[in-house]
Each structure stands twice: as structure tokens, then as C-alpha cells.
Amino acid sequence: MPLLFKGVKELRNHINSIRKQEKASVGFVPTMGFLHDGHKELIRTSKLQNDLTVVSIFVNPMQFGEGEDYDRYPRDLDRDLAICEEEGVDIVFAPPVEKMYPEGFRTEVVVKGIEDILEGKFRQGHFRGVATVVLKLLNIVNPNRAYFGEKDYQQLKIIERMVTDLNLPVEVVSVPIVREEDGLAYSSRNTYLSEEERESALSIYRSFLLAQKLIKNGNLEAENIKVAIREFILSHPNVKKIDYVEITDENLNRKDIIESGDRILVAVWVGNTRLIDNWKVEV
Ligand code: AMP
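Residues numbered from 1 in each chain as written. Predicted model: local features only at pLDDT ≥ 70, side-chain atom pairs only at ≥ 80, totals over all residues. Heavy atoms only, no water.

**Quick notes on the overall build of the chain**
Alright, step 1. Per the secondary structure count, the chain includes nine helices and nine strands.
Alright, step 2. For 283 residues, the compact-globule estimate of 2.2 N^0.38 gives 19 Å, and the chain sits close to it at 19 Å.
Alright, step 3. If one aligns the C-alpha atoms of the chain with their principal axes, the spans along those axes are about 60 × 40 × 40 Å.
Alright, step 4. Taken across its 283 residues, the chain has 55% of its residues classed as buried.
Alright, step 5. Taking as baseline every contact in the chain between residues at least 6 positions apart, the subset at least 24 positions apart corresponds to 72%.
Alright, step 6. When the accessible area of the chain is evaluated, it comes to approximately 13900 Å², of which 46% is carbon and sulfur surface.
Alright, step 7. Computed over 38 positive and 46 negative side-chain charges, the inter-centroid distance for the chain is 4 Å. (Helix = DSSP H or I, 4+ residues; strand = E, 2+ residues; numbered from the N terminus. Rg over C-alpha atoms; globule rule 2.2 N^0.38 Å. Buried < 20%, exposed > 50% of the residue type's maximum accessible area, 1.4 Å probe, protein only. Contact = heavy atoms within 4.5 Å. Areas by Shrake-Rupley, 256 points an atom, 1.4 Å probe, with all protein chains shown as cover. Lys, Arg positive; Asp, Glu negative; His and termini not counted. Charge placed at Lys NZ, Arg CZ, Asp CG, Glu CD.)

If you want it as C-alpha cells, here you go:
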């Protein structure tokens, strides 16, 4: 069984004492729980690269806006602990909200310029919540390396920026998107989808394959590719709306002419579920 900690001090003392005794390297995987194969890939990568792997499970209220799914977000600590055991995780940190945000909490981390585009436009304040909690978690766990999925590409870029700007002594390691066999990117939110909605959600991955084919055939104008993606996804039932389809370089600057390494980023509502996904383009 992984060791479970709910308190900040207890976790810190434990990690510090192991570090002193063994000079162990610590890998850290922050999550919101309801673990799936995407999370497992982060855990496996950390286990390969470190002596000790710490997973945090915390549904962070600060990164959810009003009317978003904070209350209904799936939670099951026992299930997550069993998965962590199977994966050989050493330590699980699962603090209650009041330990992370005690009364009087007032600080926000703002990564200017990247936090208010794309996702940030549709989820105001989201990335302040993310950056703030990740900085707190990094300060609490004090890992050598921290693992983030490309599934949340903008989040990854914001964390990388924050770590550089604030001279945090941690190496950010990114892990490619893990997809189900039919192409749907693993997400804890997939549990919201009905069978029919899940089928429609596959249009996201398929739109990337379509775009990739068009690009390989020499269609390099971002505008045309974005239109093709939109039309394809919207032609499926249950797709309520598209928040954005964007094509950017690897640093999230909008592109007009597509080059290798650019990213297609989308956010799509399927029924009442908001899904995000992205694709690295090859020309
Ligand atoms: P979450 O629990 O959704 O906050 O995700 C925790 C971490 O797992 C984040 O760094 C995510 O980017 C990463 N992650 C979530 N889904 C996937 C996936 N399908 N493939 C790779 N990484 C993922």
C-alpha cells in the first residue's frame, strides 16, 4: 500500500526524513484523482526516473469557475489508492480543502498573457487556480521532477513558464497524450459521457486525423484546416458547441501557415460535458 498523508506537515516531515537518510530523488505527479491510464503513464514515467514517486489527489476548488463541475467531479479515494498500489506509488497526498486553503488565504499566481487565451478565455480564473495550487504542491512536496500531461497542453506551458520565472528547483517533465484504443483521450470527465455521446466525442480525434491528412496533402493554411475541423466535429449528433479550434506554435502563438510541431487545440461540448484535446502536427 502507498503511504497516505492528508496533512501538509506530516507529508513534509516524511519526505524530508527519507531524503536525509537515502538521498532519494523524488518524482511528483499532481492529479485530481479518479485515476486512468493517462495518469498511470505519468506515474510510470516518474517511477522510471526517480527513487520515490509521490501522487497528489486534490480536486482544486480554486480552478473551477461558478457553474462548472466542481461538485459533480468524480471522486473515489479507495479506487485511486488501489491503482496507486498496483502502480507501485510510494506516497499519496490527499489533503482536504481546508488544509490547502485555510481561512485567510489570499494569494494568487498569475502567469500573464498565457493564462487568458484559449482555455483561459472560456474558463476565467482557471489557470490562476491551477498555477497557485501547483506552486503550493511543489512547495509542499519539494520534488526533483514533476510530471504533467500534454493532454492539458496550455496548463503544461503555464507551469513551465512559472517554474522558469520563479526559479523553482524542479524539472518539469511532459508526457504525451494517452488515448483509448479508438482514439478518445483518457480523461476523468469521460465518465460523464453516455454511450452515444462517447461515440460523438470520437469526432475530436477523427478530426485530427482528417486535419493531419489535409496537411500532409499540402493544405497549410491554418484557417482552412480550422474550418474543416469545425465542420467535421459539428456534423456529429450530441455535439452542442465548439468553444474553440485553434492552431498555434508550440508556445501557443497563433499560426497562419502550418509547420511541423504546431499544435491543434480544441474544446468541445458533447452533451453537458466539456472535452479538451490537442494534436501535434507533422508536415
Ligand atoms: P487531472 O487529474 O485531469 O488534473 O490530470 C492530472 C495530470 O494528468 C495532468 O498533468 C494531465 O495533463 C495528465 N493527464 C490527464 N489525462 C491525460 C491523458 N489522456 N494523457 C496524458 N496525460 C494526461
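**Quick word on the confidence of the model for the chain**
As a general rule, the predicted coordinates of low-pLDDT regions are not to be interpreted in detail.
Alright, step 1. Summary statistics for the chain give a mean pLDDT of 98 and a share of 100% for residues scoring 70 or more.
Alright, step 2. Within the chain, the lowest mean pLDDT, 92, falls on helix α1 (residues 8-22), and the highest, 99, falls on strand β5 (residues 145-149). (pLDDT = per-residue confidence, 0-100.)

**So, the pairing of strand β3 (residues 52-57)**
Alright, step 1. Across the six residues of β3, six count as buried, placing the element largely inside the fold.
Alright, step 2. Here strand β2 (residues 26-31) runs beside β3; their pairing, made up of six bridges, is parallel. By the bridge assignment, threonine 31 is partnered in β3 with isoleucine 57.
Alright, step 3. For the handedness criterion, the β-α-β arrangement of β2, helix α2 (residues 37-49) and β3 is classed as right-handed.
Alright, step 4. With three bridges joining them, β3 and strand β4 (residues 91-93) adopt parallel strand pairing. By the bridge assignment, valine 55 is partnered in β4 with valine 92. (Pairing = 2+ DSSP bridges. Right-handed = clockwise from strand over helix to strand, strands pointing away.)

**Let's talk about the site of the ligand**
Alright, step 1. What surrounds the ligand is a group of 17 residues, the closest being Met32, His39, Gly149, Asp152 and Val178.
Alright, step 2. Between histidine 39 and the ligand, the recorded distance is 2.8 Å, taken from a side-chain N or O atom to an oxygen atom.
Alright, step 3. For the ligand, whose free accessible area comes to 490 Å², the fraction covered by protein is 93%.
Alright, step 4. With three residues, α2 is the single largest residue contributor to the shell around the ligand. (Near = heavy atom within 4 Å. Polar contact = N/O pair within 3.5 Å; in protein donor to acceptor, adjacent residues only side chain to side chain.)

**Examining the nonpolar core**
Side chains of nonpolar character tend, in soluble globular proteins, to be buried together.
Alright, step 1. Counting residues in hydrophobic clusters, the biggest one holds 44 residues, and the most contacted among them are Leu11, Phe93, Met100, Val134, Leu138 and Met162.
Alright, step 2. Secondary-structure elements contributing two or more residues to this core are α1, β2, β3, β4, α6 (126-141), β5, α7 (153-165) and β8 (263-270).
Alright, step 3. Here this core takes ten residues from α6, the largest share from any one element.
Alright, step 4. Other than its neighbours up to four places away in sequence, phenylalanine 93 contacts Phe5, Lys6, Gly7, Val8, Leu11, Val55, Ser56, Ile57, Met100, Leu137 and Ile140. (Core = buried A, V, L, I, M, F, W, Y, C linked by side-chain atoms within 4.5 Å.)

**Section: the sheet that holds strand β6 (residues 171-175)**
Alright, step 1. The strand order β1-β4-β3-β2-β5-β6 describes an open sheet built from six strands, whose pairing is parallel. The sheet terminates laterally at β1 (3-5) and β6, the two strands that pair on one side only. Pairwise comparison of adjacent strand axes, ignoring direction, gives a mean angle of 25 degrees for this sheet.
Alright, step 2. Across the sheet, α7 is in contact with β5 and β6; its angle to β6 comes to roughly 165 degrees. (Axes fitted to C-alpha atoms, helices over the stretch in contact; angles between N-to-C directions.)

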